[in-house]
Every structure is written in C-alpha cells, then in structure tokens.
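# Observations on the model geometry
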Amino acid sequence: ERGWLAQEWIFGNTVRRVLDWVHKESGLSQSEKEQQVHDLLRRIGSALGHLHERGLVHGDLTTSNLMLRPAEGDISDEDKQVGKAIRIVNTNGEIVLIDFGLAQQTVQEEDKAVDLYVLERAFASTHPEVEDDFGHLLQAYGESYKGAKTVLKRLEDVRMRGRKKSMLG
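Residues numbered from 1 in each chain as written. Predicted model: local features only at pLDDT ≥ 70, side-chain atom pairs only at ≥ 80, totals over all residues. Heavy atoms only, no water.

## Focus on unusual backbone geometry
Of note, Asp 99 is a non-glycine position whose phi angle comes to about 60°, a positive value. When you line up the elements, Asp 99 lands in the loop between strand 4 (94-97) and strand 5 (104-105). Among the residues examined, Asp 99 registers a relative accessible area of 43% and is labelled partly exposed. (Helix = DSSP H or I, 4+ residues; strand = E, 2+ residues; numbered from the N terminus. Buried < 20%, exposed > 50% of the residue type's maximum accessible area, 1.4 Å probe, protein only.)

What follows is the structure in structure tokens.
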C-alpha cells in the first residue's frame, strides 16, 4: 500500500569488466581462460534459471547488468569502499543481477526465450571471443530450471525470427 524500496551496494564488477579482464589483463593461459569463462557462464545460466523459475524476466540482460560479487576471501577491506572499483583477481564469486527497470512477471516461455536471446546477442556484440561458449550458459540454465526445455525450444524460434529480420532489414 505504501510501497518500499530496498537497495544494496554490490561490491564487485560487471561481468563485462570481468570478461575484459580475463581476455586482456589476467595473464592466464588459454586453457585457464576457457575454464574461468565456462565456470562464469555456468553461474550466469544458473542465476537466470532461478530468476525464470520464479516467473520473472529481466528485460534488459547484458553483461553490464550482471555483476560478479567476489568470494569473501577475494576482496580486501581496502576494496570495500562504496564507489571504488574492486580489484579483479579471478572469476570466482556470486552472480548478481542488477537494473530491473524493464523486468516483469510472466509465465510465458516466449518472454523468457527473448530474455535469453537478448543476452546472447549482447555476448555476440560485446564479447565475440565468448560467443561460441554461450552453450555453457544455456546448459546450466537447463539444469537449474524445470521449465527450461520449452524455453530453450522457444529460443530456437526466436533466433530464427531474429535471423530472418536481419536478412530482410
């Protein structure tokens, strides 16, 4: 009736920044980079599966609207200052979804498939080096959400419509 708002400061980095760190600054070997990215994508897929399981779609999934909250041992007290960037040391931690300005409640598989499609396109345009690994995200999504099978089938339809639209202009 009166409404309420709860906020929390997330000490961490956007997934966009973390992926840039992995590929440009981490100094990891190629196989270590792949493992870090696959683990990160699986955690993202699981987080999205839990979101969709509860009947919510984000509406604006990008790697800038996903944050990685580092594991407690990977963040120093010095880094725990509001507004200060957190030093990235690995891709361990919890995925936190932010910016629910376009979110909605829904039971429609189409809406959930479009949510995944938007994120897939965001990965393709912002992180092309990770695009081929998106299947890890979808696999974890499928393992974390009972209704994923129908959503993933619908995702194929959404992809086809997207390709047709881009071909026709």
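Having put the structure on the table, let's press on.
## A few points about the side chain of Asn 90
On the secondary structure map, Asn 90 appears in the loop between strand 3 (66-69) and strand 4. Residue classification places Asn 90 among the buried positions, given a relative accessible area of 18%. At 3.1 Å, the side chain of Asn 90 and the side chain of Asp 74 are in polar contact. Every residue in contact with Asn 90, bar those within four places of it in the chain, is listed here: Trp 21, Gln 36, Leu 68 and Asp 74. (Polar contact = N/O pair within 3.5 Å; in protein donor to acceptor, adjacent residues only side chain to side chain. Contact = heavy atoms within 4.5 Å.)

## Observations concerning the packing of aromatic side chains
Under the counting rule described, the total for this entry stands at two aromatic pairs. With 5.6 Å between their ring centres and 75° between their planes, Tyr 141 and Tyr 145 make a pair best called edge-to-face. Tyr 145 carries the same exposure label as Tyr 141, and that label is buried. (Phe/Tyr/Trp six-rings, centres within 6.5 Å; stacked < 30°, edge-to-face > 60°.)

## Section: the packing of helix 1 (residues 15-24) against helix 2 (residues 30-53)
Interaxial distance between helix 1 and helix 2 falls to 10 Å at its minimum, and their mutual angle equals 165°. Here helix 1 is positioned roughly antiparallel relative to helix 2, judged by the angle of their axes. For the pair helix 1 and helix 2, the sense of crossing is left-handed. Of the residues in helix 2, those touching helix 1 at Val 15, Val 18, Leu 19, Val 22 and His 23 are Lys 33, Val 37, Leu 40 and Ile 44. The class makeup of the residues in the contact of helix 1 with helix 2 is seven nonpolar, one polar and one charged. (Axes fitted to C-alpha atoms, helices over the stretch in contact; angles between N-to-C directions. Parallel < 35°, antiparallel > 145°, perpendicular 65-115°, else oblique. Left-handed = near helix turned anticlockwise from the far one by under 90°. Nonpolar A, V, L, I, M, F, W, Y, C, P; charged D, E, K, R; others polar.)

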